[in-house]
Amino acid sequence: MTETHTLPSVGDEVMEGKTRAIVTDIRGGVVWLRSRSGGGPEWPAEDLRRLTVRRTRAEMIEAGEL
């Protein structure tokens with residue numbers, strides 16, 4: 001796992017502060033997140049600079065997790 005501070009893409013697993021989340025959408029430059037555990041409400045990322053990409057969607061597919 002390589003954590004980066006690059007902008008995430010849809011499907012990437014990110015950290016927002018201490019919260020693990022999945023990027024569900026990017027609308028009008030706003031990154032929308034939901035809990036990594038699945039389901040539940042979505043919320044807009046407060047500050048893109050605070051998002052850390054933990055794993056990309058491609059990495060999770062390669063690992064057989066998606």
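Preceding block: the structure.
In this report, the structure presented in the accompanying data block is examined. From a predicted model like this one, the values you see are computed outputs, not experimental measurements. All residue numbers refer to positions counted from 1 along the written sequence of the respective chain. A pLDDT threshold of at least 70 governs which residues receive local features in this predicted model, and a stricter bar of 80 or more applies before side-chain atom pairs are shown or counted, although totals over entire chains, interfaces and linings include all residues. Hydrogens and water molecules were not included; the side-chain quantities draw on all heavy atoms of the structure.

### With respect to the side chain of Glu-16
Link 1 in the chain: By the secondary structure assignment, Glu-16 is in strand S1 (residues 13-16).
Link 2 in the chain: An unpaired buried charge is present at Glu-16: no salt bridge exists, and Arg-50, the closest side chain of opposite charge, is 5.2 Å distant.
Link 3 in the chain: Two N or O atoms count as a polar contact when they lie within 3.5 Å, although within protein this holds only if one can serve as hydrogen donor and the other as acceptor, and sequence-adjacent residues are included solely when both atoms are side-chain atoms. One polar contact links the side chain of Glu-16 to the main-chain amide nitrogen of Glu-46, over a distance of 2.9 Å.
Link 4 in the chain: Those residues in contact with Glu-16, other than ones at most four positions away along the chain, are Leu-33, Trp-43, Pro-44, Ala-45, Glu-46, Asp-47, Arg-50 and Leu-51. Runs of H or I in DSSP of at least four residues are treated as helices and runs of E of at least two as strands, each being numbered from the N terminus. The cut-offs for exposure are 20% and 50% of the maximum accessible area for each residue type, with area from a 1.4 Å probe on protein chains only; residues under the lower value are buried, those over the upper are exposed, and the others partly exposed. By the counting scheme adopted, Arg and Lys are positive, Glu and Asp are negative, and His together with the chain ends is not counted. Here a salt bridge means any side-chain nitrogen of Lys or Arg lying within 4 Å of a carboxyl oxygen belonging to Asp or Glu. Any two residues whose heavy atoms approach within 4.5 Å at even a single point are treated as in contact.

### Some details on the environment of Gly-29
Link 1 in the chain: Turning to its location among the elements, Gly-29 is positioned in the loop between strand S2 (19-27) and strand S3 (30-35).
Link 2 in the chain: With relative accessibility at 55%, the residue Gly-29 sits in the exposed group.
Link 3 in the chain: Along the chain, Gly-29 and Leu-48 lie 19 residues apart, while their C-alpha atoms are 9.8 Å from each other.

### Topic: the pattern of salt bridges
Side-chain pairs of opposite charge can arise where the charged atoms are in close proximity.
Link 1 in the chain: Taken as a whole and judged by the stated rule, the model has 9 salt bridges.
Link 2 in the chain: The shortest N-O distance in the salt bridge between Glu-13 and Arg-54 comes to 3.8 Å. Taken as a pair, Glu-13 in strand S1 and Arg-54 in strand S5 (residues 51-55) lie far apart in primary sequence, 41 residues in all. No difference in accessibility class separates Glu-13 from Arg-54, as the two residues are buried.
Link 3 in the chain: A salt bridge links Glu-42 to Arg-27; the nearest nitrogen and oxygen atoms lie 3.7 Å apart.

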